[in-house]
Amino acid sequence: MRISKGILAVSMASALALSACGGEGDDMAAEGGSSAEQSTEDTASEDMESEDMASEDMESEDDMADDEMETEEDMAGGEMDPAANLVGPGCADYAEQVPDGDGSVEGMAQDPVAVAAGNNPLLTQLTAAVSGGVNPDVDLVDTLNGDEFTVFAPVDEAFEAIDQETMSTLQEDADLLSSILTYHVVPGQLTPDEVVGEQTTVQGETLEVTGSGDELMVNDASVICGGVQTANATVYLIDGVLMPQG
């Protein structure tokens with residue numbers, strides 16, 4: 001019996017020890033599970049913060065892109081000062097004669113070139129010549145308004161310098177008048193910085209622009225005021241009518 005009680009005591013002690021170990025293991029497991037859950041929550045929170053930052057970065061980039069597009073649209077929309085590239089000794093007189101309205105520098109910038117020239121009181125003879133007013137068989141209005149050009153536009157005094165015999169010939173000879181008028185037109189818009197040199201005209205022959213700044217010449221004619229913008233062309237007012245060689 002003493003042996004049995006000793007064995008029983010040992011067994012109970014072992015059971016108590018095992019129970020104590022099991023309790024500690026459960027606590028550690030519970031603590032481990034809680035720690036893992038907290039770590040998962042922290043990671044998820046960090047991921048959400050990263051996503052928020054990425055979203056803010058994308059919004060910031062979108063805002064910057066929108067700002068750039070608006071700036072480009074503003075530039076493309078023609079907000080540049082139409083008088084910015086004017087050259088020639090007569091620009092001040094032109095501004096004084098036509099300070100505002102459709103024929104002014106600002107007004108011409110709003111219309112295609114044939115319409116703009118028609119609104120300019122300095123270009124009444126040229127307007128008549130390109131719209132059938134000199135010869136009813138010569139009407140270049142749609143052509144001039146239909147593409148981008150550089151136009152060397154003789155002012156009224158230049159046409160008045162043509163002798164009457166020549167004018168009578170032009171009234172009868174549509175081909176000759178068309179040839180002269182298209183000799184004043186170069187494809188594409190050329191700024192004062194680009195126009196100097198030999199240029200091929202719509203008529204087919206070349207003309208030569210020389211000089212710089214306020215002293216530009218087109219063949220033998222002087223530029224009165226150049227770099228005048230219209231909706232589709234750059235215009236140079238000149239003091240002579242250009243005659244092709246052919």
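Structure shown above.
Residues numbered from 1 in each chain as written. Predicted model: local features only at pLDDT ≥ 70, side-chain atom pairs only at ≥ 80, totals over all residues. Heavy atoms only, no water.

Could you give an account of empty space enclosed by the protein, with specific residues and numbers?
Applying the stated criterion across every chain, the model contains two cavities of 30 Å³ or more. Here the largest cavity is characterised by a volume of approximately 140 Å³. Taken together, 17 residues form the lining of the largest cavity, with Val113, Leu126, Val130, Leu144 and Val151 sitting closest to its centre. Elements with a contribution of two residues or more to the lining of the largest cavity: α4 (113-118), α5 (124-130) and β1 (149-154). (1 Å grid on protein atoms, 1.4 Å probe; cavity = no way out; pocket = protein on both sides within 12 Å on 5 of 7 lines; lining within 4 Å. Points joined across faces, edges and corners; volume = space filled by probe spheres on them. Helix = DSSP H or I, 4+ residues; strand = E, 2+ residues; numbered from the N terminus.)

Quick one: what's the story with the pairing of strand β3 (residues 197-200), residue by residue and with numbers?
Strand direction decides the pairing type here: β3 and strand β4 (residues 206-210), joined by four bridges, are antiparallel. Within β4, the position partnered with Gln199 by the bridge is Leu207. Linking β3 to β4, which pair antiparallel, is a turn of five residues; within it Gly204 sits at a positive phi near 115°. (Pairing = 2+ DSSP bridges.)

Could you give me a rundown of unusual backbone geometry, with the residues and numbers involved?
Phi angles above zero are rare outside glycine, and Asn219 is one such case at about 50°. Tracing the backbone through its elements, the reader meets Asn219 in the loop between β5 (217-218) and β6 (221-229).

Help me get a handle on the pairing of β1, residues and values and all.
Most of β1 sits inside the fold, with six of its six residues counted as buried. Residues of β1 alternate between two faces, with Phe149, Val151 and Ala153 on one and Thr150, Phe152 and Pro154 on the opposite face, all of them buried. Bridging between β1 and strand β2 (residues 185-187) involves three bridges; their strand directions are antiparallel. Across the sheet, residue Phe149 finds its bridge partner in β2, namely Pro187. (Buried < 20%, exposed > 50% of the residue type's maximum accessible area, 1.4 Å probe, protein only.)

A description of the packing of aromatic side chains should follow, citing residues and the corresponding values.
Under the counting rule described, the total for this entry stands at one aromatic pair. When the ring of Phe152 is compared with that of Tyr236, the centres are 5.5 Å apart and the planes differ by 35°; the resulting orientation is tilted. Linking Phe152 in strand β1 with Tyr236 in strand β7 (residues 233-238), this pair joins segments that are 84 residues apart in sequence. Residue class for Phe152 comes out buried when judged on its relative accessible area of 1%. Residue Tyr236 is classed as buried on the basis of its relative accessible area, which comes to 1%. (Phe/Tyr/Trp six-rings, centres within 6.5 Å; stacked < 30°, edge-to-face > 60°.)

All quantities given are derived from atomic positions and should not be read as evidence of function.
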